Amino acid sequence: MSDLLRGLNPQQLAAVTLPPQHALILAGAGSGKTRVLTTRLAWLISTNQVDPAGVLAVTFTNKAAKEMLTRLSAMLPINTRGMWIGTFHGLCNRLLRAHYRDAGLPQLFQILDSADQLAAIKRLLKALNIDDEKFPPRELQHFINAQKEQGIRANAVEAWDGYVRQRVELYEAYEQQCQREGVVDFAELLLRSYELLSRNEPLRRHYQSRFRHILVDEFQDTNVLQYRWLKLLAGDGACLFCVGDDDQSIYAFRGADVGNMRDFEREYRVDNVIRLEQNYRSHGNILDAANAVIKNNLSRLGKNLWTEAGAGEPIRVFEAMSDGEEARWMVEEIKALVRDGHSRAEIALLYRSNAQSRILEHTLFSAGLPYRVYGGLRFFERQEIKHALAYLRLIANPDDDTAFARIVNFPPRGIGARSIEQLQDAARAAGSSLHAAIPAVPGKAGATLAAFAALIEKLHEAIELPLPELVEHAIELSALRSHYLTEKEGQDRVANLDELINAASSFTAEEGRVGEEGELAADLASFLSHAALEAGEHQAGEGDDALQLMTVHSAKGLEFNAVFISGLEEGLFPHENGIKEDKGLEEERRLMYVAVTRARQRLYLSFAQTRMLHGQTRYNMPSRFIEEIPAGLVKWLTPKIKVQAPGGRQVHTGVDSYRPTTRAQSGIGFRIGQSVKHAKFGPGVIVNAEGGGNDARVQVNFGKAGMKWLALSVAKLDAA
DNA sequence: ACTCATTAAATTTTT
DNA sequence: TTTAATGAGT
């Protein structure tokens, strides 16, 4: 037991050994958050304060849940199987599977991922003959999810105007469609299990008395409904132990509500919030920079990271002429790092938006540096896998129209748009699923459809097979394999289909129930849930020791010896869409905070004067976030103050072997891309010019002050 | 039913 | 630039 607590700092120890009470742990980046969470769990169990079955621990990602389980089993000789440790969605799924009748769901209900949900909405709009110009499917999806994430059903939405009312009707119709098809989307998993517990008192009491301790990871990312779910489950008896960092809340756009932290503190009278501020990850300069940046945010619970490690190296800042130059500089710098013995896998290239990865990839590829990009397609999201899964879903539930529509004509079997339209009309008229409406379609189309129905029927007969064989059977019988074999570039897809069979094998092995009679259908259902809830690894890159490329969002929770943050420009990072709303800017800043705190030893920041975006050259100002870092922590690799010499030549004083020495002149005394200064609008960059002589006008991006056209004969514009 | 061409739109995304 | 989604043509 004392082993368990060894090496914890005072705050960590206090958090881990807190007596049974509600607790809020403010855990800064790199402060040992996961360790505290798992040690708390182990300590509670090993001191017999709670039975393993009396604990519920919830995370956001499967990775985090798995990590917690692994660490826990390393600390304690207990069987973690059967413990309620998982993601919100995973636990809700478990709850709904166990009580599907009470929840009003079919036993083998299927889970729609975001793409499935969007497809279902499009199908709905088409069936209702609704103009998708007026109701863009994506927007509607967002609307529905936003309501659900606040726990609001269609009948409870406050419809201010006609437009909202129409969307509420569609929300309602969507709900009916899902119910008829026996499918639930991600948000529905949460909402449905919340409603299940809140309406079913015996059930609620059962779980409330079972769980004595509820531990929550990444609490700052919970949405309104998740917090209510936690409160409901905790009841009056359980202790809520919430760990989070308001400064790392970067998912507000997805419904996460940092306000939950304050609410929790208030509602549960948490009087001693424990702050984990000692950082074990980064050198001092990096932490100081992060602290300085985040200080500009007004709405914070307050926290200041410190470290026992030394100041370390300065933060290196590079100003490039163009995005291409920025990328080439990064390559040179990376090569130098690797020469100095850094492993490539310990170097991360971070960016605000995915579009920026292209030029980086291109440049790295040319330089022959191996890299791995996160954020691509994941295994269970691949087209061929989704197709195969759709067949499996139809085996489990023929009324799953989303699955049906996906594969009714894939591989192509002569069922065209016309036939499908007829079928949809028939289904609509009968109020039935597409599958059930097949007999109602007359003529040749009806016959082709009937053949498809026969295929489904035949597949269904195989439900008694063990899962891996069932998967293989479906892939064969559906002709998916033969279809991809004939395709030119189908080899990878066939390989993935084989991989799906493997996945089914290892899934059955891990679940540990090798085909008990009558459990086979349940096996299929849980495999399908697994596929929906754990989309699998992101696309794997080649090479073991590869550079890590990812967005700042996906870097959360990771750390690297050296980190490059590129594209630090106004409009990009902070992103222009985030600057518009005042809350948006604070979220952008938290994003910067997350990015900076990924670095252990070395941090590079870079920006470019010109950048190709959407096929057009853009001229951006340096990001305000660079200025927010105290100058003393920073080493500019390019001169910070540029001196404009006669003849348009760039004169500089610092170390700079990358900068070209000449630039094109426009002939009006200013050039596009030039930094200028205006008495009223402040510093800016010239992005466009027209006319000449007395009529010359230039367009200037003043960043904070916006974009202006200025006549040179009138405006007082100086070279900066 | 499939291919080609045009058009519009374009952050971030744990489940 | 690039992608996805439509429409025309084969």
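Note that the structure is predicted; figures quoted are calculated from it, not measured.

Turning our eyes to something else, we now look at the overall build of chain A. When helices and strands are tallied, chain A shows 28 helices and 23 strands. The globule rule puts the C-alpha radius of gyration for 720 residues at 27 Å, and the 29 Å found for chain A is close to it. Projected onto its principal axes, the C-alpha positions of chain A cover 85 × 70 × 55 Å. Looking at chain A residue by residue over its 720 residues, the buried ones come to 54%. Within chain A, contacts between residues separated by at least 24 positions form 74% of all contacts whose residues are at least 6 apart in sequence. Here chain A contributes 84 positive and 90 negative side-chain charges, whose respective centroids are spaced 5 Å apart.

Pairing is parallel in the open sheet, where six strands are placed in the order 3-2-6-7-1-8. Of all the strands in the sheet, the pair left with one neighbour each is strand 3 (84-87) and strand 8 (274-276). Taking the axes of each pair of neighbouring strands and ignoring which way they run, one obtains an average angle of 15 degrees across the sheet. Lying on the sheet, helix 3 (residues 33-46) is in contact with strand 1 (23-27), strand 2 (55-59), strand 3, strand 6 (213-216), strand 7 (239-244) and strand 8; it crosses strand 6 at an angle near 170 degrees.

Next up on the list: the protein's contact with DNA strand C. Inspection of the region around DNA strand C gives K122, R358, H614 and G615 as its neighbouring residues. For DNA strand C, the fraction of protein-proximal atoms (within 4 Å) that sit in sugar or phosphate groups is 40%. Class assignment of the residues belonging to the surface near DNA strand C gives a composition of no nonpolar, two polar and two charged.

We now examine the protein's contact with DNA strand B. Neighbouring residues of DNA strand B: 28 residues in total, closest R254, R352, N354, G416 and T551. Backbone sugar and phosphate groups make up 46% of those atoms of DNA strand B lying within 4 Å of the protein. In the model, a sugar or linking oxygen of DNA strand B is placed 3.2 Å from a nitrogen or oxygen of the L533 main chain. One of the side-chain N or O atoms of T551 is found 2.7 Å from a phosphate oxygen in DNA strand B. Here the surface near DNA strand B is composed, by residue class, of eight nonpolar, 15 polar and five charged.

Further remarks concern the packing of helix 20 (residues 443-461) against helix 21 (residues 467-477). Two elements in contact, helix 20 and helix 21, have axes whose closest approach is 10 Å; the angle formed by their N-to-C orientations is 160 degrees. By the angle between their directions, the pair helix 20 and helix 21 is classed as roughly antiparallel. Considering how the two elements wind past one another, helix 20 and helix 21 form a crossing that is right-handed. Across the interface between the two elements, L455, K458 and L459 of helix 20 pack against L470, H473, A474 and L477 of helix 21. Residue classes in the contact of helix 20 with helix 21 are distributed as five nonpolar, one polar and one charged.

The next subject is the confidence of the model for chain A. Residue-level pLDDT values for chain A average 88, and 92% of them are 70 or greater. Predicted confidence in chain A is weakest over strand 18 (residues 650-651), with a mean pLDDT of 38, and strongest over strand 13 (residues 560-565), with 98. Confidence over residues 642-668 falls short of pLDDT 50; this stretch has 51 contacts with residues more than four positions distant or in other chains.

In this section: the side chain of R481. Along the chain, R481 turns up in helix 22 (residues 480-486). A polar side-chain atom of R481 sits 2.6 Å from a polar atom in the side chain of E476.

With that out of the way, let us pick up the pattern of salt bridges. Enumeration over the complete set of coordinates arrives at 45 salt bridges. Two residues, D400 and R393, come together in a salt bridge whose shortest N-O distance is 2.8 Å. Like D400, the residue R393 is buried in the burial classification. Each member of the salt-bridge network shares a partner with another, and the members are K148, R153, E175, D185, E188, R192, E195 and R199.

Bringing the UniProt feature "binding site: ATP" (unreviewed entry) in chain A into the picture now. Taking the UniProt record as the reference, the feature "binding site: ATP" (unreviewed entry) is found at A27, G28, A29, G30, S31, G32, K33 and T34. Its relative accessible area of 2% is what places A27 among the buried residues. If we ignore the near neighbours within four places in the chain, the residues touching A27 are K33, V243, G244, D245, Q248 and L276. Residue position: G30 is located in the loop between strand 1 and helix 3. Residues contacting G30, with those up to four places away along its chain left out, are Q278, N279, Y280 and R281.

The rules behind the values
Residues numbered from 1 in each chain as written. Chains lettered and ligands numbered in written order. Predicted model: local features only at pLDDT ≥ 70, side-chain atom pairs only at ≥ 80, totals over all residues. Heavy atoms only, no water. Helix = DSSP H or I, 4+ residues; strand = E, 2+ residues; numbered from the N terminus. Rg over C-alpha atoms; globule rule 2.2 N^0.38 Å. Buried < 20%, exposed > 50% of the residue type's maximum accessible area, 1.4 Å probe, protein only. Contact = heavy atoms within 4.5 Å. Lys, Arg positive; Asp, Glu negative; His and termini not counted. Charge placed at Lys NZ, Arg CZ, Asp CG, Glu CD. Pairing = 2+ DSSP bridges. Axes fitted to C-alpha atoms, helices over the stretch in contact; angles between N-to-C directions. Near = heavy atom within 4 Å. Nonpolar A, V, L, I, M, F, W, Y, C, P; charged D, E, K, R; others polar. Polar contact = N/O pair within 3.5 Å; in protein donor to acceptor, adjacent residues only side chain to side chain. Parallel < 35°, antiparallel > 145°, perpendicular 65-115°, else oblique. Left-handed = near helix turned anticlockwise from the far one by under 90°. pLDDT = per-residue confidence, 0-100. Salt bridge = Lys/Arg side-chain N within 4 Å of Asp/Glu carboxyl O. UniProt positions renumbered as here; feature names shortened; annotations may be inferred.

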